[in-house]
Amino acid sequence: MSTQDPGARPGGAATTIAAIADEVGVSVATVSKVLNGRADVAPGTRARVEESLERHRYRRRGKKKPTGAGQIDLVFHEFDSAWAMEIIQGVEAVTAPAGVDVVLSQLWAKHHPPQQWLDAVLSRRPLGVVFVVCSPTLAQQEQLRRQGIPFVIVDTDSATTASVPTVGSNNWNGGLLATRHLLDLGHRRIAIISGPEDVLCSRARLAGFRAAHEEAGLPVDPDLVRYGTFYIDAGYEHGMALLDRPDRPTAVFAGSDMQALGVLRAARQLGIDVPGGLSVIGYDNLKVSAWTDPPLTTIDQPLRDMAGTAAHMVLDLARGQSPRTSRIDLVTELIVRESTAPAAG
């Protein structure tokens, strides 16, 4: 009598982990380790086993009781105190009343989790995972699905595949609104310090910046287009370089409120008055943006609402409920404060 787990193949034919092991040329124990999310499997072997499992449409019927029951994992690409706190509070507002705990982790600036991290999650089997500005690879997505662990991505790039439940915001529109505001104030030499060039939300905000110029019939000076990191030091460094030149811009659109703080410091160090001699606009509408000197004009990206929506989605998926849509984009909005003013002269 066989004690191996049955799986389903196309057409209803049965397959076993022994058949998978024989096909791949590994032991039954190795296939079992892959199925159970064990870490002690070589990456190449794991990939071959996963490919065979996927080809045979293998699905486990019996599951161990999850040790992560009552928990969801909240995973950041990288922690930033102010930005991350908005996300954490948005998730907590949903999970706390539901009696669900949140396990926090970060990927140290990586956009995909290492297999070791994923193996630990698979072994615990939480209710679900919320990824923030990061995502599992296609192979890792299949691992999570096979273990019955739903996942949702909070990503501001507005371009995640439709097969992955995602909550984002309209970054192109945010870039358009910010630049239109500066153009309407009479600024014609506008710099942008976006985020990392390889991050889609950075490119989307820059695309909105370019679209506003095109709409106004104005060219974009490539010397005024910079890519930062979303952090204060990048805003300061690019701000110093942009403002300490004879043909400096009269306005700067910073791709985050934190970068805008760096620009404000650079302007102060160079003796440039904001907004009299320079207009500065940020992005995110963090709480600190209302307390800068002067208070910062910014684009409101509803981070708490995005996080709360993602938490609701992952809990619904854990209960077996299908989301009405796999992609939710929340609206961005211009918040005018005192850091922007009509261009001088």
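Look up: the structure comes first, before these words.
Cut-off values and rules
Throughout, residues of each chain are indexed from 1 in the direction in which the sequence is written. At least 70 in pLDDT is required for a residue's local features to be given in this predicted model, at least 80 for side-chain atom pairs to be given and counted, and no such filter applies to totals for whole chains, interfaces and linings, which use all residues. Note that the side-chain values use all heavy atoms of the structure and ignore hydrogens as well as water. Partly exposed residues are those whose accessible area sits between 20% and 50% of the maximum for their type, while under 20% is buried and over 50% is exposed, using a 1.4 Å probe and protein chains only. In DSSP terms, a helix is any run of H or I states spanning at least four residues, a strand is any run of E spanning at least two, and both are numbered starting from the N terminus. Note that the arc is defined by the directions from the helix axis to the C-beta atoms. Put simply, the grid is 1 Å and covers the protein atoms alone, a cavity is a trapped set of points that fit a 1.4 Å probe, a pocket is an open set with protein on both sides within 12 Å along at least five of seven lines, and lining residues have an atom within 4 Å of a point. Grid points are joined across faces, edges and corners, and a volume is the space filled by probe spheres set on the points. Gly is put with the polar residues, along with every residue not named as nonpolar or charged; the nonpolar set is Ala, Val, Leu, Ile, Met, Phe, Trp, Tyr, Cys and Pro, and the charged set is Asp, Glu, Lys and Arg. Multiply 1.5 Å by the residue count of a helix minus one, and that product is the helix's expected span. Note on contacts: a residue pair is in contact if any heavy atoms of the two residues lie within 4.5 Å. The working definition used for a salt bridge is a side-chain nitrogen of Lys or Arg within 4 Å of a carboxyl oxygen of Asp or Glu. Pairing between strands requires that DSSP locate at least two bridges from one strand to the other. Lines fitted to C-alpha atoms define the axes, with helix axes restricted to the stretch in contact, and inter-axis angles between N-to-C directions lie between 0 and 180 degrees. Residues enter a nonpolar core if they are buried and are Ala, Val, Leu, Ile, Met, Phe, Trp, Tyr or Cys, with the set joined through side-chain atoms within 4.5 Å.

Engineer: Run through helix 1 (residues 17–24), naming residues and quoting values.
Structural biologist: Inspection of helix 1 places Ile17, Ile20, Ala21 and Val24 among the buried residues, and these make up the whole buried set. For helix 1, the arc enclosing every buried residue in end-on projection is 100°, short of the 170-degree limit, so these residues lie on one face. Positioned one or two residues after helix 1, glycine 25 has a phi angle of 85°, which is positive.

Engineer: Which residues make up the layout of surface pockets, and what are the values?
Structural biologist: Once rolled over the atoms, a probe with the size of a water molecule shows which space is left empty. Estimated volume of the largest pocket: approximately 380 Å³. When the residues that make up the lining of the largest pocket are grouped by side-chain class, the tally is 11 nonpolar, seven polar and five charged.

Engineer: Kindly report on helix 10 (residues 257–269), identifying the contributing residues and their values.
Structural biologist: Given 3.6 residues per turn, any residue in an α-helix points the same way as the ones three and four places further on. In this model, helix 10 (13 residues) spans 19 Å end to end at C-alpha, consistent with the 18 Å of a helix rising 1.5 Å per residue. Turning to helix 10, its buried residues number three or more, namely Asp257, Met258, Gln259, Ala260, Gly262, Val263, Leu264, Ala266 and Ala267. Buried positions along helix 10 lie against helix 4 (81–95), strand 8 (190–194), helix 9 (232–243), strand 10 (251–254), strand 11 (279–284) and strand 12 (297–300). Just beyond helix 10, the residue with positive phi is glycine 271, at close to 75°.

Engineer: A description of the pattern of salt bridges should follow, citing residues and the corresponding values.
Structural biologist: For the structure on display, the rule yields 13 salt bridges. Between arginine 180 and glutamate 215 there is a salt bridge whose closest N-O contact spans 2.7 Å. Placement of arginine 180 in helix 7 (residues 171–184) and of glutamate 215 in helix 8 (residues 200–215) is noted, with a sequence separation of 35 residues between them. Two residues, arginine 245 and aspartate 247, come together in a salt bridge whose shortest N-O distance is 2.8 Å. Judged by its relative accessible area of 36%, aspartate 247 is partly exposed.

Engineer: Describe in detail the sheet that holds strand 10, supporting the description with residues and values.
Structural biologist: The pairing of strands in a sheet happens through backbone hydrogen bonds and is either parallel or antiparallel. If you trace the six strands from one edge of the open sheet to the other, you get 9-8-10-11-12-14, paired in mixed fashion. Edge strands, defined here as strands with exactly one partner in the open sheet, are strand 9 (225–227) and strand 14 (333–335). When the angles between neighbouring strand axes are averaged without regard to direction, this sheet yields 20°. With three bridges connecting them, strand 10 and strand 11 associate as parallel partners.

Engineer: Give me the nonpolar core: which residues, what numbers.
Structural biologist: One broad rule of soluble globular proteins: the nonpolar side chains tend to lie buried together. Counting 27 residues, the largest nonpolar core has Leu74, Phe76, Ile87, Val130 and Val132 as its most contacted members. Looking at this core, the elements that each hand over two or more residues are strand 3 (68–76), helix 4, strand 5 (126–132), strand 6 (151–154) and helix 11 (303–318). Looking at this core, the element that brings in the most residues is helix 11, giving eight residues. Residues within four places of valine 130 in sequence aside, it is in contact with Ile72, Asp73, Leu74, Val75, Val152, Val154, Ala310 and Val314.

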